[in-house]
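For reference, the chains in residue letters:
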Amino acid sequence: QVQLVESGGGLVQAGGSLRLSCAASGIAFSINDMGWYRQAPGKQRELVATISTGGKTNYADSVKGRFTISRDNAKETVYLQMSSLKPEDTAGYYCNADVISIVRTPTRAWGQGTQVTVSS
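What counts and what doesn't
Residues numbered from 1 in each chain as written. Predicted model: local features only at pLDDT ≥ 70, side-chain atom pairs only at ≥ 80, totals over all residues. Heavy atoms only, no water. Salt bridge = Lys/Arg side-chain N within 4 Å of Asp/Glu carboxyl O. Buried < 20%, exposed > 50% of the residue type's maximum accessible area, 1.4 Å probe, protein only. Helix = DSSP H or I, 4+ residues; strand = E, 2+ residues; numbered from the N terminus. Contact = heavy atoms within 4.5 Å. Core = buried A, V, L, I, M, F, W, Y, C linked by side-chain atoms within 4.5 Å. Disulfide = S-S within 2.5 Å. Phe/Tyr/Trp six-rings, centres within 6.5 Å; stacked < 30°, edge-to-face > 60°.

**Q** Break down the pattern of salt bridges for me, with residues and values.
**A** Side chains that differ in charge, positive against negative, can pair when their charged atoms come close. Per the stated rule, a full pass over the model turns up 5 salt bridges. Lys64 is the partner of Asp61 in a salt bridge, and the nearest nitrogen-oxygen pair spans 3.1 Å. Using a relative accessible area of 64% as the deciding quantity, one classes Asp61 as exposed. Lys64 gets classed as partly exposed once you look at its relative accessible area, which sits at 49%. For Asp98, the salt bridge identified is with Arg108, shortest N-O distance 2.9 Å. With a gap of 10 residues between them, Asp98 in strand S9 (residues 91–100) and Arg108 in strand S10 (residues 106–110) connect regions that are remote in the sequence. The class for Asp98 is partly exposed, based on a relative accessible area of 24%.

Structure (structure tokens):
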């Protein structure tokens, strides 16, 4: 079973930057794609960015050019560098990972979330 723990959220002024981290721990056969989602109050959870083990990335149109996702496979950690933050980026940010368990069962793990608040 894999656990994901996010860190790095907080309060920042518009135009500022934050870096989120998500570390995986536990036992698994492999951890494949990892990503970040966000959910604002009253809204559905939406994709922010994903990254494969080989480093292929995918971004939501709303964050392209402002956010950068990266990962350290050796540390089983994924990062989200957020720049030029806007008030509309305010949300709970959730890390996820596609995991193959030690019995070869595919699962998806989620972190508990970290709050990002951008003031205008």
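**Q** Can you lay out the environment of Ala23 for me, pointing to particular residues and giving the numbers?
**A** Relative to the elements of secondary structure, Ala23 occurs in strand S3 (residues 18–26). Here the alpha-carbon distance between Ala23 and Glu76, two residues 53 residues apart in the chain, equals 6.1 Å. Leaving out residues up to four positions away in the same chain, Ala23 has contacts with Gln3, Leu4, Val5, Glu76 and Thr77.

**Q** With reference to specific residues and values, describe the side chain of Ser52.
**A** Here Ser52 is to be found in the loop between strand S5 (46–51) and strand S6 (57–59). Contact partners of Ser52, with chain neighbours within four places excluded, come to Asp33 and Arg71.

**Q** Please give an account of the nonpolar core that cites residues and values.
**A** Ranked by internal contacts, the top residues of the largest apolar core, which has 31 residues, are Leu4, Trp36, Leu80, Met82 and Tyr93. Going through the elements one at a time, strand S1 (2–7), S3, strand S4 (30–39), S5, strand S7 (67–72), strand S8 (77–82), S9 and strand S11 (114–119) are the ones with two or more residues in this core. Looking at which element gives the most residues to this core, the answer is S9, with 5 residues. In contact with Leu80, not counting residues within four places along its chain, are Leu18, Arg19, Leu20, Trp36, Val48, Ala49, Phe67, Thr68, Ile69 and Tyr93.

**Q** Tell me what's going on with the state of the cysteines, and back it up with residues and numbers.
**A** Counted by the stated rule, this structure contains 1 disulfide. Each sulfur of the disulfide joining Cys22 and Cys95 lies 2.1 Å from the other. Looking along the S-S bond of the Cys22-Cys95 disulfide, the torsion reads about -75°, which is the left-handed sense. With Cys22 in strand S3 and Cys95 in strand S9, this pair connects stretches of sequence that are 73 residues apart.

**Q** Break down the packing of aromatic side chains for me, with residues and values.
**A** Tallied over the full model, the rule gives 1 aromatic pair. Between Tyr37 and Trp110, the aromatic rings sit 5.2 Å apart at their centres with planes inclined by 65°, giving edge-to-face as the arrangement. Separated by 73 residues along the polypeptide, Tyr37 in strand S4 and Trp110 in strand S10 bring together distant segments of the chain. Accessibility expressed as a relative area gives 17% for Tyr37, which makes it buried.

Function cannot be read off these values alone, since they describe shape.
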